[in-house]
Amino acid sequence: MPNRDLRKQEYICMLYDFLVISLKNEAAERIKTELELNRLYRVRIIDRADVAIENLKTTKVDCVIFNLETYTAEKTTFAENLRQMGYQFPIITFASYVQPEALEALKKIKRTVLIEKPYESKDVWGITEKMVQGKKVGQRIFRRFYTDQQATLEKSNSIDKHPVHIFNMSKGGAYIESENQGSFMNGEILRLTVPLEKMAKNYVVDVEVVWTSPSGYWQGKPAIGVRFIKPQDVYRNLINKL
C-alpha cells in the first residue's frame, strides 16, 4: 500500500502549466506575474490562436487563459473548439467588456469561467487553484448596476440625438439598446447624455463602442456595449483618424 506521506508530498510538488492566449501587453504580463507568485505554476504567453493549438498538441497544459478586452458570443467559438477536440482542462477568460449573449454561451461550456476586469489578485489565485485541482467554480455575478434608464446618444459629426435605454452599468461602461439598427459601429466615439431627474440636470460622458449586436439581451432591440473614456482619449482618437 503506498505511503500516504509520499503520496501527499508528490501531490504538493505537482507543477501546473498555464497557457495564456493573448496579445503581448501589460495585462497579459500581469496575469503571468501574479500566477507565478505560486511556485507550482508555470506560465507561457502565446499571441496567436493557431500557434497555441500546435503548442497544445506537444506540451502539457493544465489550464488555458484568454486575455481579452471585449468578450462577444463569437469569441466563445475557440473555447467550444477546444472541447470538441477533446481537451478538458479549465478555461479562464479575462475581459473588460462582456456581451450578455457571450456570458450565456459561456455557461454552456463545462469547466469554463469568466473573470471581469478590473479584478482583484486574490480572486484570481482562488479561482485558478480550485479549477486546476478539479473543484467546481461557479460563474461570479459581475459588479454591475442594473437599471432601466432613458438616455440619448449623439455622434461627433452630427447634431442628431438617438434615444436609447441603458439596462446595466459598471465602473467602466454600459449596456445599451437602441431603436436604430446599424446606427453605431465598433470603435465609434459617441456622447452619452443621461437625464438626472431628481437633480434636474444631465450627466454627459464620452463613450466608445466596443461591440454591437442586432438583437439585444433585454428587449431584443439592437444593442451596443460602450466603455467610458476620458476627454483626452476623444481628442487622441479624432487625431488618429485625420
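Scoring rules and cut-offs
- Residues numbered from 1 in each chain as written.
- Predicted model: local features only at pLDDT ≥ 70, side-chain atom pairs only at ≥ 80, totals over all residues.
- Heavy atoms only, no water.
- Helix = DSSP H or I, 4+ residues; strand = E, 2+ residues; numbered from the N terminus.
- Buried < 20%, exposed > 50% of the residue type's maximum accessible area, 1.4 Å probe, protein only.
- Contact = heavy atoms within 4.5 Å.
- Areas by Shrake-Rupley, 256 points an atom, 1.4 Å probe, with all protein chains shown as cover.
- Axes fitted to C-alpha atoms, helices over the stretch in contact; angles between N-to-C directions.
- Left-handed = near helix turned anticlockwise from the far one by under 90°.
- Nonpolar A, V, L, I, M, F, W, Y, C, P; charged D, E, K, R; others polar.
- pLDDT = per-residue confidence, 0-100.
- Arc of directions from axis to C-beta.
- Polar contact = N/O pair within 3.5 Å; in protein donor to acceptor, adjacent residues only side chain to side chain.
- Salt bridge = Lys/Arg side-chain N within 4 Å of Asp/Glu carboxyl O.
- Phe/Tyr/Trp six-rings, centres within 6.5 Å; stacked < 30°, edge-to-face > 60°.

A. Seen up close, the overall build of the protein chain. When helices and strands are tallied, the protein chain shows seven helices and 13 strands. Of all 242 residues assigned to the protein chain, the portion counted as buried reaches 45%. Sequence-distant contacts in the protein chain: of pairs separated by 6 or more residues, those separated by 24 or more amount to 60%. Carbon and sulfur atoms form 53% of the exposed surface of the protein chain, whose accessible area is close to 14,400 Å².

B. Fine view of the packing of helix α2 (residues 26-35) against helix α6 (residues 121-132). Where α2 contacts α6, the two axes come as close as 10 Å, and the packing angle between them is 65 degrees. Relative to α6, the crossing made by α2 is right-handed. Only Ser121, Val124, Trp125 and Thr128 of α6 make contact with α2, whose side of the interface consists of Arg30, Glu34 and Leu35. Taken together, the residues that form the contact of α2 with α6 break down as three nonpolar, two polar and two charged.

C. View of the confidence of the model for the protein chain. Across the protein chain, the average pLDDT comes to 81, with 83% of residues at 70 or higher. Note on residues 1-11: pLDDT is under 50 here. Beyond four places in sequence and across chains, it has three contacts.

D. Focus on α2. When we look at burial in α2, the residues that qualify are Ala28, Ile31, Glu34 and Leu35. Axial view of α2: buried residues confined to an arc of 135 degrees, hence all on one face. Check the buried side of α2 and you find it contacts β1 (16-21), β2 (41-46), β3 (63-67), β5 (91-95) and α6. Between the side-chain oxygen at the start of α2 and the backbone nitrogen of Ala27 there is a gap of 3.3 Å, and the oxygen is on Asn25.

E. Representation of the pattern of salt bridges within the structure. In the structure shown here, the tally under the stated rule is 11 salt bridges. Ionic pairing is found between Arg30 and Glu34, a salt bridge with its closest N-O pair at 2.9 Å. Taken together, the positions of Arg30 and Glu34, both in helix α2 and four residues apart, correspond to about one turn of that helix. On the accessibility criterion, Glu34 (12% relative accessible area) is buried.

F. Broad picture of the side chain of His162. Of note, His162 is situated in strand β9 (residues 161-169). Excluding its chain neighbours within four sequence positions, the residues that come into contact with His162 are Ala151, Thr152, Leu153, Asn180, Ser183 and Phe184.

G. Quick peek at the packing of aromatic side chains. Considering all chains together, one arrives at six aromatic pairs under this definition. Between Tyr16 and Tyr41, the ring centres sit 6.1 Å apart and the planes meet at 80 degrees, which makes this aromatic pair edge-to-face. Placement of Tyr16 in strand β1 and of Tyr41 in strand β2 is noted, with a sequence separation of 25 residues between them. Where Phe66 meets Phe78, the ring centres are 5.3 Å apart and the plane angle is 90 degrees; that geometry is what we call edge-to-face.

H. Structural view of the environment of Asn157. Summarising the element assignment, Asn157 is placed in the loop between β8 (145-155) and β9. Sequence separation between Asn157 and Ile189 is 32 residues; the distance between their C-alpha atoms is 10.0 Å.

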